[in-house]
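Topology and contacts: notes
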Protein chains: 2
Amino acid sequence: MIDTLKNHILKFVSPPKSELQEFLNKMQLKRYNNKEYLLKEQQYCTHQYFISKGCFRFYFINQKGIEKIINFGIEDWWISNFDSFINKSPSEYNIQAVEDAVVFKINKQDLSAILANSLELNQYFRMIHERVRIADQKRIQYMYSLSGEELYTTFREYNPHFVQRVPQYMLASYLGFTPEFLSKIRANKKV
Amino acid sequence: MIDTLKNHILKFVSPPKSELQEFLNKMQLKRYNNKEYLLKEQQYCTHQYFISKGCFRFYFINQKGIEKIINFGIEDWWISNFDSFINKSPSEYNIQAVEDAVVFKINKQDLSAILANSLELNQYFRMIHERVRIADQKRIQYMYSLSGEELYTTFREYNPHFVQRVPQYMLASYLGFTPEFLSKIRANKKV
DNA sequence: TATATTTCTTAATCTAGATTAATTTTTTCA
DNA sequence: TGAAAAAATTAATCTAGATTAAGAAATATA
């Protein structure tokens, strides 16, 4: 199971075997059942998590009490609340499994120790961040230029398998509109 | 002038003097006048830019021909089109000075060479990315939970000096609404 | 295999913010 | 310092998507 992480790292960098092994040894396996929480509002995020299997949603609850999904995480993604993790602040977000899941987690102290010494693992995380930033930028571009219907069809086009994995009301939340409006869009498209 | 960058790096990491100097030596100073372009749509982004002085806007033009600002960059920020830089794709975005500006730039080859060897500079860039990701996350949270008026007052509150630096129609674009609507908000608040 | 729970749909009504089109104010620069 | 350009305002009208309120399907669970 840890091979999912090992392979992911080796796609980006080639650290010395011992260094990589040391890192992998620090990672702890943890399983989550569907609907279990990896992190709840007000808790402190003490780990970074690599998703080996399953799917999580990263969301908050707005003033009106409505859940707003900021992101999903699936296989081969790192997930955590960076703000809470880095700044040691209580989390404003929840991270919840939306499928049975397997993750590998590492705490701040262990991660810091490794990043203080490993050039390649710094490169690995740097490259991951770069890729996420590109994706986030594209997302903001879409948010600022597409209608609700276009957002949905574009997302569907680029993530045909993923739209099957989560309930539609979660997709609607992630895309920034109501489930009722998503139903309307889908009804329009059929005819 | 290069000290702005040097100081910024030293706020995060403490690289060996020679390594830091080697990096700084690769940085080329470039000046931009207000309204000059650092990058235009369809061009390839070949450098990363550290803003030493001034302000830039990062924007694209949507299907209706309207400019949409995704981000601003000011002193002590790195700016570039990562997607174009990393994937060697033509840019979908424009980066334009909105004040007279001074930047230090480094090309891909030089940067890669340095990041292949310097632990500390990898850490530096990793930490920058982490911070940007936290900010982007917060931004998406605001976009998904605040009304136009709340977006404006919140932004104003956190960036009181910055709102003075750019025309209001640019602020409106950045916040995701029209200049007319921003005028309306401001008119409401006065009375 | 029936019941409870979760998810999805439909339809009527409402509203935040867009659009359009002038007009006014501010800034630039010859 | 005065004309032109750029930026900001106002007001009327319009619309994408929200809200509310049922009801229908699908899924889970006993």
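Details of the structure are given in the entry above.
So, here's what we can say about the structure. (Residues numbered from 1 in each chain as written. Chains lettered and ligands numbered in written order. Predicted model: local features only at pLDDT ≥ 70, side-chain atom pairs only at ≥ 80, totals over all residues. Heavy atoms only, no water.)

Near DNA strand C lie 16 residues; those nearest to it are Gln168(A), Tyr169(A), Ser183(A), Gly148(B) and Thr178(B). Of all atoms in DNA strand C that approach within 4 Å of the protein, 69% are sugar or phosphate atoms. Separating a phosphate oxygen of DNA strand C from a side-chain N or O atom of Lys64(B) is a distance of 3.2 Å. At 2.8 Å from a phosphate oxygen of DNA strand C is found a main-chain nitrogen or oxygen belonging to Gly148(B). Contributions of two or more residues to the surface near DNA strand C are made by helix H8 (168-175) and helix H9 (179-190) of chain A together with helix H9 (179-190) of chain B. (Near = heavy atom within 4 Å. Polar contact = N/O pair within 3.5 Å; in protein donor to acceptor, adjacent residues only side chain to side chain. Helix = DSSP H or I, 4+ residues; strand = E, 2+ residues; numbered from the N terminus.)

Before going further, it helps to examine the protein's contact with DNA strand D. Residues in contact with DNA strand D amount to 16 residues; listed here are only the nearest, Lys64(A), Gly148(A), Gln168(B), Tyr169(B) and Ser183(B). Per the 4 Å cut-off to the protein, sugar and phosphate atoms form 71% of the nearby atoms of DNA strand D. Note that a phosphate oxygen of DNA strand D is positioned 3.1 Å from one of the side-chain N or O atoms of Lys64(A). Taking Gln168(B), its main chain carries an N or O atom lying 3.0 Å from a phosphate oxygen of DNA strand D. Those elements giving two or more residues to the surface near DNA strand D turn out to be H9 of chain A together with helix H8 (168-175) and H9 of chain B. Looking at the surface near DNA strand D, the element that brings in the most residues is H9(B), giving 4 residues. Residue composition of the surface near DNA strand D, by class: 5 nonpolar, 6 polar and 5 charged. (Nonpolar A, V, L, I, M, F, W, Y, C, P; charged D, E, K, R; others polar.)

Next up on the list: the pattern of salt bridges. One pass over the full model with this rule turns up 12 salt bridges over all chains. Its salt-bridge partner being Glu92(A), residue Lys138(B) comes within 2.2 Å of it at the nearest N-O pair. Linking Lys138(B) in helix H5 (residues 119-145) with Glu92(A) in the loop between helix H3 (82-87) and strand E7 (94-97), this pair reaches from one chain into another. Through salt bridges with shared partners, one network takes in Glu75(A), Glu99(A) and Arg165(A). (Salt bridge = Lys/Arg side-chain N within 4 Å of Asp/Glu carboxyl O.)

With that settled, consider the sheet that holds strand E5 (residues 67-73) of chain B. Taken together, 4 strands build an open sheet; the order of strands is E2-E7-E4-E5 (chain B) and the sheet is antiparallel. For this open sheet the edge positions go to strand E2 (37-39) and E5 of chain B, each flanked by a neighbour on one side alone. Each adjacent strand pair in this sheet contributes to an overall mean axis angle of 30°, direction not counted. Strand direction decides the pairing type here: strand E4 (residues 56-61) of chain B and E5(B), joined by 6 bridges, are antiparallel. Within the sheet, the bridge partner assigned to Phe58(B) lies in E5(B) and is Asn71(B). Docked against the sheet, helix H5 (residues 119-145) of chain A engages E4 and E5 of chain B, running at close to 145° with respect to E5(B). (Pairing = 2+ DSSP bridges. Axes fitted to C-alpha atoms, helices over the stretch in contact; angles between N-to-C directions. Contact = heavy atoms within 4.5 Å.)

With that settled, consider H5(A). Under the 1.5 Å per step criterion, the end-to-end length of H5(A) is 39 Å for 27 residues, consistent within 8% with the ideal 39 Å. Among the 27 residues that make up H5(A), 22 are buried, leaving the element largely enclosed by the rest of the structure. (Expected span 1.5 Å × (residues − 1). Buried < 20%, exposed > 50% of the residue type's maximum accessible area, 1.4 Å probe, protein only.)

Attention shifts here to the sheet that holds E7(A). A sheet is described by the order of its strands in space; here 4 strands give the open sequence E2-E7-E4-E5 (chain A), paired in antiparallel fashion. The open sheet has two edge strands, strand E2 (37-39) and strand E5 (67-73) of chain A, and neither has a second partner. Strand-to-strand twist of the sheet, defined as the mean angle between neighbouring strand axes without regard to direction, takes the value 30°. Together, strand E4 (56-61) and E5 of chain A form the strand contacts of H8(A), whose direction differs from that of E5(A) by roughly 95°. The strands touched by H5(B) within the sheet are E4 and E5 of chain A, with E5(A) carrying the most contacts at an inclination of about 145°.

This next bit is on the packing of aromatic side chains. Here the structure, examined in full by the defined rule, presents 26 aromatic pairs over all chains. Here Phe72(A) and Tyr174(A) contribute two aromatic rings whose centre-to-centre distance is 5.3 Å and whose plane-to-plane angle is 50°, an arrangement assigned as tilted. Of this pair, Phe72(A) sits in strand E5 while Tyr174(A) sits in helix H8, and the two are 102 residues apart along the sequence. Residue classification places Phe72(A) among the buried positions, given a relative accessible area of 12%. Between Phe60(B) and Tyr93(B) the ring centres are 6.3 Å apart and the planes differ by 85°, which places this aromatic pair in the edge-to-face class. Note that Phe60(B) is positioned in strand E4 and Tyr93(B) in the loop between helix H3 (82-87) and strand E7 (94-97), a separation of 33 residues in sequence. Tyr93(B) shares its class with Phe60(B); the two are buried. Seen from the ring of Tyr37(B), Lys40(B) lies directly overhead, with NZ or CZ sitting 4.9 Å from the centre. The ring of Phe85(B) has Lys108(B) sitting right over it, with the charged end atom 5.3 Å from the ring centre. (Phe/Tyr/Trp six-rings, centres within 6.5 Å; stacked < 30°, edge-to-face > 60°. Lys NZ or Arg CZ within 6 Å of the ring centre and 35° of its normal.)

As far as function goes, none of this settles anything; it's purely spatial.
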